[in-house]
Amino acid sequence: MMNRAKIGYIILFTCLALFPLVDNPRWLTVITTFCIYSVVALSVDIVLGRAGMFDMGHALFFGLGAYITAILNVHFGYNVLVAIPFVIIIPAIIAIVISSPIVHLRGDYLLVATVGMNIVFEQALKNNLFGLTGGPNGIFGVNAEVFGFFLDEPLPIYYIAFALLLFTLLIIRNLEKSKVGRALHYVQEDSLASESIGINARFYRVFAFSLGAAIAGLAGFVFSIQYAAVSPEAFNFMTSVIFFAIVLVGGKASIPGILAGTFIMFVLPEVFREFATARYFVFGFAMILSMILRPEGMFPAKYGKLPKYVTEEKA
Amino acid sequence: MDILLQQIVNGLTIGSIYALVALGYTMVYGVMKLINFAHGDLVALSAYIGLVFYTQMAAGGAMPQALTIVLVFLLTAIVVAIFGVLLERIAYRPLRNAPRLSAVVSALGASMMIQNGIMLVWGPNILIFPSDILPATSWNIYGVTITFVQAAMIIITIMLMLALTLFINFTKMGTAIRASAINQDAAKLMGINVNFIIIIIFVLGSMLGAVGGLFIGMYYRGISFNLGWTYGMSAFIAAILGGIGNIPGSMVGGYLLGLFTALIAGYVSSAWAEAFTYILLIMILIVRPTGILGERVAEKV
């Protein structure tokens, strides 16, 4: 079983690495977007799938990374590379600050609070906060020249996005095998029981939020380079809703599921562009259908080392 | 002072819409523990259906205006109730025993479907309600203007809420609804048909939402296919503020939120009104994690 998954990953990564040979600029852009959005979806999964917190405002951290890059580059004239530490650290700190008072809320209430955070963020962007965010139109003209290379050309940006995806998968693999990953799993299963064996549930929940935020911020950095511009629409609350849906349609805590979910939600729409208007109607229907047929997601996670009573669904 | 009173009147008007829509969220949540994300889109749908009914009936010109309006409200409420029941049957009933999050995704899917269905049928542009549906009379009381529409909205909403409270508290069906909200299994053992109760809940919620949707059309006049998310989310916040699952709570929450939004828009800035609303919500959740009138839930071990 493990081997089949390994072979699957090797085939997928080889395909992705060799993809630029296709030499079709439009498809290269689409697959670059796929890599970036997969990273964001995986970061949502850390909070939603692994820590079990209903987070419907994750586009906030994605947007934070993108806007920090654009502000540092366009308003202050720094090289884009300078932004890298900031797009990781600032979203992580903001995640700690805003999640610590609310992580103990019961599921649906937490969901609404995170939706609220996202909408406050969106409105701050639209109202041109501190004169930096550029209002409803956003910020244009991110200059991604580094040592004479232009990172926003299709080929370099694709490899950057691909490298980011690999890096994220590495982090998640390490998370899964670490003490933190197991702690998160127990906190999700039963936070009271986990606290009684000495796991600090609040600490691990805030940790999941800030790790997810840091990864999403980094994805935002690549996103703002790819499009050389940022605007509030890309990070509104609808985007968060779609990421939330991807994780659940694909399967919580399941990497193949999330990659497949991102592919279906972001890449297939490109294929069916001619049906643009009816697209989301069909998607809505597909979401209902997929939940009815597979309530646990397309590829539910399989746990190798955990005892069976841990992974069984409670009635 | 005049501005304050005027904003209070405006706040009560918007609060009526929020309270009516919030009741739909709260009743479904009370019995099924599910956020019915598609409820806001049913409200949007009712504005469109109501507009169609009105234009059809007013075109004949044979009926007196008052009768037309009553018929429009009734027919819209019935049609939207049918949609509500269909929604439950298709998107929620198959998932009754599935993990809770699956039902949330199904609700989001249903919301997307209704919203884009409206766009496919009526187009993406804003439609305008005719201005002559209700008389354009307005009264000026001590410098505060109340239009006929506002007065009608506030009075009808209060009457509907009164009727609902009586229904829930003093009828056999209402008792069955309250029993199912406390414990579905125990309710089944007492011979209550929980499936039927859930259908009733969806019928009532959709009908109240339909009235809210028609009010949105008559008050703001312009309607667009995505208004469900805007008003739906606000009404949902109202429900959370009051304590979701708690019927008087949503009424209080609706009016409180309406007043708060109107005062922020009047005194601070309308561009930031939504942000302030959510900040208020988060503050209240931090202090009282289950809303203002929500009961404390003891965790079972």
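Since the model is a prediction, treat every value here as computed from it, not as a measurement.

About the criteria used
- Residues numbered from 1 in each chain as written.
- Chains lettered and ligands numbered in written order.
- Predicted model: local features only at pLDDT ≥ 70, side-chain atom pairs only at ≥ 80, totals over all residues.
- Heavy atoms only, no water.
- Helix = DSSP H or I, 4+ residues; strand = E, 2+ residues; numbered from the N terminus.
- Rg over C-alpha atoms; globule rule 2.2 N^0.38 Å.
- Buried < 20%, exposed > 50% of the residue type's maximum accessible area, 1.4 Å probe, protein only.
- Contact = heavy atoms within 4.5 Å.
- Areas by Shrake-Rupley, 256 points an atom, 1.4 Å probe, with all protein chains shown as cover.
- Lys, Arg positive; Asp, Glu negative; His and termini not counted.
- Charge placed at Lys NZ, Arg CZ, Asp CG, Glu CD.
- Phe/Tyr/Trp six-rings, centres within 6.5 Å; stacked < 30°, edge-to-face > 60°.
- Salt bridge = Lys/Arg side-chain N within 4 Å of Asp/Glu carboxyl O.
- Buried area = accessible area lost by both parts, 1.4 Å probe.
- Polar contact = N/O pair within 3.5 Å; in protein donor to acceptor, adjacent residues only side chain to side chain.
- Expected span 1.5 Å × (residues − 1).

Enquirer: Is there a simple way to think about the overall build of chain A in this case?
Expert: A tally of helices and strands in chain A yields 13 helices and four strands. Taking 20 Å as the expected radius of gyration for a compact globule of 315 residues, we find that chain A reaches 19 Å, a close match to that expectation. Based on the C-alpha atoms only, the size of chain A along its principal axes is roughly 55 × 45 × 40 Å. Counting the 315 residues in chain A, one finds 53% classified as buried. Sequence-distant contacts, at least 24 apart, represent 80% of the contacts inside chain A between residues at least 6 apart. Roughly 14200 Å² of accessible area belongs to chain A as shown, and the carbon and sulfur atoms make up 68% of that amount. The average position of the 20 basic charges and that of the 18 acidic charges among the side chains of chain A differ by 10 Å.

Enquirer: How do you make sense of the packing of aromatic side chains when you look at a structure like this?
Expert: Throughout the structure, instances matching the rule amount to 24 aromatic pairs over all chains. When the centroid spacing of 5.8 Å and the interplanar angle of 45 degrees are considered together, the rings of Y220 of chain B and Y231 of chain B count as tilted. Taken together, the positions of Y220 of chain B in helix α8 (residues 194-220) and Y231 of chain B in helix α9 (residues 227-242) put the pair 11 residues apart, joining distant regions of the chain. For Y220 of chain B, a relative accessible area of 35% translates into the label partly exposed. Judged by relative accessible area, which is 17%, Y231 of chain B ranks as buried. Taken together, the ring pairs in this structure connect Y37, F62, Y67, F223, Y227, F235 and F243 of chain A into an aromatic cluster.

Enquirer: Can you walk me through the pattern of salt bridges in this structure?
Expert: Oppositely charged side chains can pair when the atoms bearing their charge come close. Inspection of the entire model under this criterion finds five salt bridges over all chains. In this structure, E88 of chain B engages R93 of chain B in a salt bridge whose closest nitrogen and oxygen atoms are separated by 3.3 Å. In this structure E88 of chain B comes out as buried when scored by relative accessible area, which is 1%. Taken together, the shared-partner salt bridges connect D45, R50 and E176 of chain A into one network.

Enquirer: What exactly am I supposed to notice about the interface of chain B and chain A here?
Expert: Size of an interface, as often reported, equals the accessible area lost when the parts are brought together. Facing the 46 residues of chain B at the interface are 46 residues of chain A. Across the chain B to chain A interface the summed buried area is about 4000 Å²; carbon plus sulfur atoms make up 80%. Contact with chain A buries area across many residues of chain B, yet L101, M112 and M113 of chain B alone supply 17% of it, more than any other trio. If you look at where chain B meets chain A, you find zero salt bridges. Seen at the junction of chain B and chain A, the total is two residue pairs in polar contact (both at pLDDT 80 or more). Looking at which element gives the most residues to the side of chain B that touches chain A, the answer is helix α4 (residues 100-122) of chain B, with 15 residues.

Enquirer: Quick question: what am I supposed to make of α9 of chain B here?
Expert: Residues and elements named next belong to chain B. Here α9 spans 23 Å end to end across 16 residues, near enough to the 22 Å set by a 1.5 Å rise per residue. Most of α9 sits out of view: 15 of its 16 residues are buried. Positioned one or two residues after α9, G243 has a phi angle of 105 degrees, which is positive.

Enquirer: Hey, could you run me through unusual backbone geometry in this one?
Expert: Generally, phi is negative for residues other than glycine and the peptide bonds are trans, each holding for most cases. Here the phi dihedral of A228 of chain A falls at roughly 55 degrees; this positive angle occurs in a residue that is not glycine. Along the polypeptide, A228 of chain A turns up in the loop between α9 (201-227) and β4 (229-230).

Enquirer: Help me understand the environment of G30 of chain B in this model?
Expert: Residue and element names in this part refer to chain B. By secondary structure assignment, the location of G30 is in helix α1 (residues 2-32). Given a relative accessible area of 7%, G30 falls into the buried group. The sequence separation of G30 and G222 amounts to 192 residues, and the corresponding C-alpha distance is 32 Å. With residues up to four places along the chain from it excluded, the contact list for G30 reads A181 and G245.

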